[in-house]
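# An overview of the molecular structure
Each chain, letter by letter, is given below.
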Amino acid sequence: MSSLRATIRKAVPADVPAVIALEQASAGAAHWTESEYSSIFSPKGVRRVLCVAESAAGDDASVVGFVLARVVANEWEIENIVVDGASQRRGIGRALVSAVIEQARLESGSRMFLEVRRSNAAAISLYMLMSFHQDGIRRSYYKDPEEDALLFSRSLENSS
Ligand SMILES: CC(C)(COP(=O)(O)OP(=O)(O)OC[C@H]1O[C@@H](n2cnc3c(N)ncnc32)[C@H](O)[C@@H]1OP(=O)(O)O)[C@@H](O)C(=O)NCCC(=O)NCCS
């Protein structure tokens, strides 16, 4: 499928409804409340970075994907990533992960982590393509349905 022209940018509070709509429509995504998303923009508490992919069609721009990462010291964790079903397999997931890696490097991050359901072949393929390696397994970590979490990480110090 052809690549889709999408701009990756930092999210603003007005993007929260679109982000929630995307994750609610995605069975594979982590689900958060509106107040949890809104707290991302508060200077208090754990720091998070939320980036959205915006696709322009004519005069309309719509949010077709997002990535959310938590930052603790120089360690980054991808907590959620979703691309709208109609826009998948067009390079947007890759662009979102690249954007968060680039931001982490700008801030001298050293390592990026994530966890994913064992059955989530699409996400696992994307992460392996982006040079993440499996470090471990958390047995029965996910509920509804119960499933193992595979733990992945990658260095931010090499150029891949
Ligand atoms: C995982 C997800 C974000 C990927 O987004 P995407 O925009 O489709 O990804 P890309 O188009 O950038 O794909 C990059 C590569 O990832 C791999 N990939 C992506 N989707 C795939 C699929 N369904 N099956 C196999 N490999 C896949 C491929 O290697 C692909 O490269 P290719 O298209 O050149 O073969 C998307 O499938 C999604 O939103 N899934 C539901 C939410 C989810 O599970 N999030 C992860 C939570 S841990």
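Look above for the structure.
Described below are features of the structure shown in this document. (Residues numbered from 1 in each chain as written. Predicted model: local features only at pLDDT ≥ 70, side-chain atom pairs only at ≥ 80, totals over all residues. Heavy atoms only, no water.)

### Some words on the layout of surface pockets
Considered as a void within the structure, the largest pocket measures approximately 1200 Å³ in volume. Around the largest pocket, the lining comprises 40 residues; the ones closest to its centre are Ile81, Asn120, Ala122, Ala123 and Tyr127. When contributions to the lining of the largest pocket are tallied by element, the ones reaching two or more residues are β4 (75-83), α3 (92-106), β5 (111-117), α4 (121-129) and β6 (133-142). Broken down by element, the residue count for the lining of the largest pocket peaks at 7 residues, all from β4. A per-class count over the lining of the largest pocket returns 20 nonpolar, 11 polar and 9 charged. (1 Å grid on protein atoms, 1.4 Å probe; cavity = no way out; pocket = protein on both sides within 12 Å on 5 of 7 lines; lining within 4 Å. Points joined across faces, edges and corners; volume = space filled by probe spheres on them. Helix = DSSP H or I, 4+ residues; strand = E, 2+ residues; numbered from the N terminus. Nonpolar A, V, L, I, M, F, W, Y, C, P; charged D, E, K, R; others polar.)

### Some words on α4
For α4, the full list of buried residues reads Ala123, Ile124, Leu126 and Tyr127. Seen from one end, α4 has its buried residues packed into an arc of 160°, which puts them on one side. Along α4, the residues that are exposed and aim more than 90 degrees away from the buried face are Ala121, Ala122, Met128 and Leu129. Of the residues one or two after α4, Ser131 is the one with positive phi, at around 70°. (Buried < 20%, exposed > 50% of the residue type's maximum accessible area, 1.4 Å probe, protein only. Arc of directions from axis to C-beta.)

### Considering the site of the ligand
The immediate surroundings of the ligand are formed by 21 residues, with Ile81, Val83, Arg89, Gly93 and Asn120 found nearest. Within the backbone of Gly91, one N or O atom sits 2.8 Å away from an oxygen atom of the ligand. Computed on the free molecule, the ligand has an accessible area of 920 Å², of which 78% lies beneath the protein chains in the complex. Assessed atom by atom at 2 Å from the grid points, the ligand resides in the largest pocket. When residues of the shell around the ligand are traced back to their parent elements, those giving at least two are β4, α3, β5 and α4. Counting residues per element, the shell around the ligand draws most heavily on α4, which supplies 6 residues. Looking at the shell around the ligand residue by residue, the classes come out as 10 nonpolar, 7 polar and 4 charged. (Near = heavy atom within 4 Å. Polar contact = N/O pair within 3.5 Å; in protein donor to acceptor, adjacent residues only side chain to side chain. Areas by Shrake-Rupley, 256 points an atom, 1.4 Å probe, with all protein chains shown as cover. Sits in = over half its atoms within 2 Å of the grid points.)

### Description of the side chain of Arg117
Mapped onto the elements, Arg117 comes out in strand β5. Take Arg117: its relative accessible area is 17%, and that puts it in the buried class. Side-chain polar atoms of Arg117 contact the backbone oxygen of Lys143, separated by 3.1 Å. Setting aside anything within four residues of it in sequence, one finds Arg117 in contact with Ile124, Tyr142, Lys143, Asp144, Pro145, Glu147 and Asp148. (Contact = heavy atoms within 4.5 Å.)

### Some remarks on the packing of aromatic side chains
Centre distance and the angle of the planes are the two values used to describe a pair of aromatic rings. Under the defined criterion, the tally for this structure stands at 4 aromatic pairs. Here Tyr37 and Phe66 contribute two aromatic rings whose centre-to-centre distance is 6.3 Å and whose plane-to-plane angle is 90°, an arrangement assigned as edge-to-face. Taken as a pair, Tyr37 in helix α2 (residues 34-38) and Phe66 in strand β3 (residues 60-72) lie far apart in primary sequence, 29 residues in all. You can call Tyr37 buried: its relative accessible area is 0%. Classification of Phe66 by relative accessible area gives buried; the value is 0%. Between the aromatic rings of Tyr127 and Phe132, the centroid separation amounts to 5.9 Å while the plane-to-plane angle is 65°, which identifies the pairing as edge-to-face. The pair formed by Tyr127 and Phe132 is uniform in burial state, with each residue classed as buried. A connected cluster of aromatic rings, assembled from ring pairs, spans Trp32, Tyr37 and Phe66. (Phe/Tyr/Trp six-rings, centres within 6.5 Å; stacked < 30°, edge-to-face > 60°.)

Honestly, that's just the spatial picture; any functional story needs more than this.
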